[in-house]
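Each chain, letter by letter, is given below.
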Amino acid sequence: MTKISENGIYEASLPEESFPVGSLYKFRILTGDGRVLYKADPYGFFCQTPPETASVYYPLKGYRWHDKKWMETRRERSGYSSPVNIYEMHLGSWKRHPDGSYLTYSEIADELIPYLKTMGYTHVEFLPVMEHPFDGSWGYQVTGYFAPTARYGEPKDFMALVDRLHVAGIAVILDWVPAHFPKDAHGLYEFDGKPLYEYQGADRIEHRGWGTRKFDLGRNEVECFLISSAVFWAKYYHADGLRVDAVASMLYLDYDKKPGEWIPNVYGDNRCLEAEAFLKKLNSCMKTECPDVLMIAEESTSGFKVTGFSDHGLGFDMKWNMGWMNDTLSYAGLDPLFRKYHHDKLTFPMMYAYSERYLLPISHDEVVHGKKTLLDRMPGEYFDKFAGERLFLAYQIACPGKKLLFMGQEIGQFREWDEKLEVEWFLLDYESHARMQQYVASVNRFYRTERALYENDGGWEGFSWVSVDDCNESVIAFRRISENGEELVAAFNFTPVLRDGYPLVLPEGEYEEVFSTDEIRFGGRGTRNPEKLVSVPGEPVRVVLPPLSAVFFRRTVPKKNKGSAGKLSDPALSRKQ
């Protein structure tokens, strides 16, 4: 190796004929204390299939992309005024061959693309595809930050999967893990025999709960490594977005630590200043290098402004709304008899709904480890569980914020997610599960075609309460309003009791039922509001709310009021309404 920089950068070159494509290689490192280490290339584009650990020489040039039109227009498809409905999935356990072996990237494309189109999703999010040695980590313990996993094929096969999704009109989001890495001997762990990529202090070096090492985000070389990885996936693999994992674990010095196990920063508090600076730099670089790529934070606290750069924000485009997720899942799991005592779990999330640009997730983390699947969380007998899931998903679609649902929930799976097994597709032989799948496809299409449900997710001008405090009946209702004044009223009955003639005070106009979770084709009873409803000043509209159901009404504005289509920008006025 030849030293080419005073900064300690060395270079070695090999003639191409002595190093053909597919050659295996590692770095042989002689440590300061005389040990010899064999390390995979941290910047390698391809690796052996685990459990083998060598890097593979694989040039990335030569793939011919077909998504030019998509790349030129993709930003407008993923903006915060666009419909964003994400199907989150794990490539290795979505579908498998009958013998249990993995599908290839090409086979996944053959199966996945028509499925996503049929189901009405706008985006697909892959749990980490970066190379990782341990299947049980789900990809979140990465050793190859520049290499798609060899489990399903070669890098150009993964390029083709992304390419084909784009041609079909589906955006691709990749899970990305800059918080920590595993302690596998061939990886980044103590790369030169001592902590190098990781912090060196005992108070910061390790994520004890995960058994992994934390990146030293105060080192320029580590910053460069991680930001290069982020830009790489956007530029070389045309990723439309990165979901940044475990942001909270980076931002807080006392994350998963007991008193006395962490050292405060220079200001005496628990903020990790290096992580804060790194995330701002990361998002600034992405806005410069890849301005049309979504940066989404999985961040579970309220201690930082996460979206945007104003008010010292970290610069992300969206943030997972973990508060909404926890509150609504907790409420949905209650026996309807006791829901009236916890009505605030539905209303409180609106107190902070516009403090960030939120995404509402029902992710893989919520359907594993004894938490039950979304269907199995629902109380009641078999019929009630399906009604409850339909109601919950309609509530998610109606609430301000973008949407995400993990695979298997769209067919009403009872078994929790297991990365060793595929989704239980055989359930579609049963009527209730087949109708649940049909329902999810229908509610997804309804969301995408109703501008009121997605255009004004960022402010009170798109939302107005109708029934906010009826805890005794466990009913909630609100209006969603598009930028040009198109309006829907969404009403939810969270009890197994028919509400016939339920009063709603609505702005003047005609209201027509346009979607109900109780339709027979979805497995419901078919209870309807068959006639148009007319609202006049001073009188409530009487509606029928089926048990454990959501009903959506479209408003037709009288011509005399067409110039002001009912927008309410003042939250106090909204609450009064």
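Up top is the structure these notes are about.
Residues numbered from 1 in each chain as written. Predicted model: local features only at pLDDT ≥ 70, side-chain atom pairs only at ≥ 80, totals over all residues. Heavy atoms only, no water.

J.: Break down the overall build of the chain for me, with residues and values.
T.: For the chain, the helix and strand inventory stands at 13 helices and 27 strands. Taken against the 2.2 N^0.38 rule, which gives 25 Å for 577 residues, the C-alpha radius of gyration of the chain at 26 Å falls within 12% of a compact globule. For the C-alpha atoms alone, the extent of the chain along its principal axes is close to 85 × 60 × 45 Å. Expressed as a percentage of the 577 residues in the chain, the buried residues total 58%. Considering only contacts within the chain whose residues lie at least 6 apart along the sequence, 71% involve residues at least 24 apart. Surface summary for the chain: the accessible area is close to 24100 Å², and the carbon and sulfur share equals 52%. The centroid of the 68 positive side-chain charges in the chain is displaced by 3 Å from the centroid of its 83 negative side-chain charges. (Helix = DSSP H or I, 4+ residues; strand = E, 2+ residues; numbered from the N terminus. Rg over C-alpha atoms; globule rule 2.2 N^0.38 Å. Buried < 20%, exposed > 50% of the residue type's maximum accessible area, 1.4 Å probe, protein only. Contact = heavy atoms within 4.5 Å. Areas by Shrake-Rupley, 256 points an atom, 1.4 Å probe, with all protein chains shown as cover. Lys, Arg positive; Asp, Glu negative; His and termini not counted. Charge placed at Lys NZ, Arg CZ, Asp CG, Glu CD.)

J.: Can you lay out the layout of surface pockets for me, pointing to particular residues and giving the numbers?
T.: Within this model, the largest pocket holds a volume of roughly 1500 Å³. Lining the largest pocket are 33 residues, with Met 1, Tyr 10, Phe 27, Asp 41 and Tyr 43 sitting closest to its centre. Sorting the residues of the lining of the largest pocket by element identifies β2 (10-11), β4 (27-30) and α5 (220-236) as the ones contributing at least two each. Considered class by class, the residues forming the lining of the largest pocket number 22 nonpolar, 4 polar and 7 charged. The computed volume of the second largest pocket comes to approximately 410 Å³. As for the second largest pocket, its lining consists of 20 residues, and the residues nearest its centre are Trp 210, Asp 245, Ala 246, Glu 298 and Asp 365. Considering only residue class, the lining of the second largest pocket consists of 8 nonpolar, 6 polar and 6 charged. (1 Å grid on protein atoms, 1.4 Å probe; cavity = no way out; pocket = protein on both sides within 12 Å on 5 of 7 lines; lining within 4 Å. Points joined across faces, edges and corners; volume = space filled by probe spheres on them. Nonpolar A, V, L, I, M, F, W, Y, C, P; charged D, E, K, R; others polar.)

J.: Residue-level account of empty space enclosed by the protein, with values.
T.: Throughout the structure, instances matching the rule amount to 10 cavities of 30 Å³ or more. Counted as a void, the largest cavity has a volume near 90 Å³. As for the largest cavity, its lining consists of 14 residues, of which Trp 324, Met 350, Ala 353, Cys 399 and Pro 400 are closest to the centre. Within the lining of the largest cavity, the residues separate by chemical class into 11 nonpolar, 2 polar and 1 charged. Of the voids in this model, the second largest cavity is the one considered here, and its volume is about 80 Å³. In terms of lining residues, the second largest cavity is bounded by Ala 40, Cys 47, Gln 48, Pro 50, Pro 51, Glu 52, Thr 53, Glu 131, His 132, Pro 133, Thr 143 and His 186.

J.: How would you explain the nonpolar core if you had to name every residue and give the values?
T.: In terms of nonpolar packing, the biggest core is built from 156 residues, with Phe 126, Tyr 145 and Phe 492 touching the most fellow members. Judged by nonpolar contacts, the second largest core, of 15 residues, contains Val 466, Ala 491, Tyr 511 and Val 543. (Core = buried A, V, L, I, M, F, W, Y, C linked by side-chain atoms within 4.5 Å.)

J.: Just give me the short version of the packing of aromatic side chains, but keep the residues and values in it.
T.: Counted by the stated rule, this structure contains 60 aromatic pairs. Residues Phe 181 and Phe 215 carry aromatic rings whose centres are separated by 4.7 Å and whose planes lie at 55 degrees to one another, so their mutual orientation is tilted. In this pair, Phe 181 sits in strand β12 (residues 180-181) while Phe 215 sits in the loop between β14 (212-214) and α5, placing the two residues 34 residues apart along the sequence. The class of Phe 215 is buried, set by a relative accessible area of 1%. With centroids separated by 6.4 Å and ring planes inclined at 80 degrees, the aromatic side chains of Phe 386 and Phe 414 adopt a geometry described as edge-to-face. In this pair, Phe 386 is assigned in helix α11 (residues 382-398) and Phe 414 in the loop between β19 (402-406) and α12 (431-449), connecting sequence segments 28 residues apart. By relative accessible area, Phe 414 is classed as partly exposed at 29%. We note Arg 204 situated over the ring of Tyr 199; from NZ or CZ to the ring centre the distance is 5.4 Å. Its guanidinium or amino end placed over the ring of Tyr 80, Lys 402 lies 4.9 Å from that ring's centre, counting from NZ or CZ. (Phe/Tyr/Trp six-rings, centres within 6.5 Å; stacked < 30°, edge-to-face > 60°. Lys NZ or Arg CZ within 6 Å of the ring centre and 35° of its normal.)

J.: Quick one: what's the story with the pattern of salt bridges, residue by residue and with numbers?
T.: For the structure shown, the criterion picks out 42 salt bridges. A salt bridge links Lys 371 to Glu 366; its shortest N-O distance comes to 3.9 Å. Between Asp 457 and Arg 480 there is a salt bridge, and its shortest N-O distance comes to 2.8 Å. Of this pair, Asp 457 sits in the loop between α12 and β20 (463-467) while Arg 480 is found in strand β21 (residues 475-481), placing the two residues 23 residues apart along the sequence. For Asp 457, a relative accessible area of 1% gives the class buried. Linked by salt bridges that have partners in common, Lys 183, Glu 190, Glu 198, Glu 206 and Arg 213 make up one network. (Salt bridge = Lys/Arg side-chain N within 4 Å of Asp/Glu carboxyl O.)

J.: Outline helix α7 (residues 273-289), listing residues and values.
T.: Taking 1.5 Å per residue as the helical rise, α7 with its 17 residues ought to reach 24 Å, and the 24 Å between its terminal C-alpha atoms agrees with that figure. Of the residues making up α7, those classed as buried are Ala 275, Glu 276, Phe 278, Leu 279, Leu 282, Asn 283 and Met 286. Considered in projection along α7, the buried side chains sweep an arc of 165 degrees and stay on one side of the axis. As for α7, its buried residues are in contact with β11 (171-176), α5, β15 (241-244), α6 (247-251) and β16 (294-297). (Expected span 1.5 Å × (residues − 1). Arc of directions from axis to C-beta.)

J.: Explain the sheet that holds β19 to me, and be specific about the residues and the numbers.
T.: An order of β7-β8-β11-β15-β16-β17-β18-β19 is seen for the 8 strands of this closed barrel, with the pairing classed as parallel. Averaged over neighbouring strand pairs, the angle between their axes works out to 25 degrees when direction is ignored. Each of β7 (85-89), β18 (358-362) and β19 touches α11; the most contacted strand, β19, lies at about 150 degrees to it. (Pairing = 2+ DSSP bridges. Axes fitted to C-alpha atoms, helices over the stretch in contact; angles between N-to-C directions.)

J.: Give a description of the environment of Asp 344 that names residues and reports values.
T.: In this structure, Asp 344 sits in helix α9 (residues 344-347). For the pair Asp 344 and Leu 545, spaced 201 residues apart in the sequence, the C-alpha separation amounts to 21 Å.

J.: Explain the sheet that holds β14 to me, using residue names and the numbers behind them.
T.: The strand order β12-β14-β13 describes an open sheet built from 3 strands, whose pairing is antiparallel. Lying at the two open borders of the sheet, with one neighbouring strand each, are β12 and β13 (206-207). Relative to β14, β12 runs antiparallel, the two being bridged by 2 bridges. In the sheet register, Phe 181 faces β14, and the bridge partner there is Arg 213.

J.: With reference to specific residues and values, describe unusual backbone geometry.
T.: For the bond from Pro 50 to Pro 51, the omega torsion is 15 degrees, close enough to zero to count as cis. Along the polypeptide, Pro 51 turns up in the loop between β5 (36-39) and β6 (55-56). Its identity is not glycine, yet His 238 carries a phi of approximately 60 degrees, on the positive side. As for its position among the elements, His 238 is in the loop between α5 and β15. On the basis of relative accessible area, His 238 is assigned to the buried category, the value being 11%.

J.: Could you give me a rundown of the pairing of strand β24 (residues 509-516), with the residues and numbers involved?
T.: Note: β24 against strand β25 (residues 533-535), 3 bridges, orientation antiparallel. Looking at β25, one finds that Gly 509 is bridged to Ser 535. In this sheet, strand β27 (residues 549-556) lies alongside β24 in antiparallel orientation, the contact comprising 6 bridges. Considered in β27, the bridge of Glu 512 is made with Arg 554.

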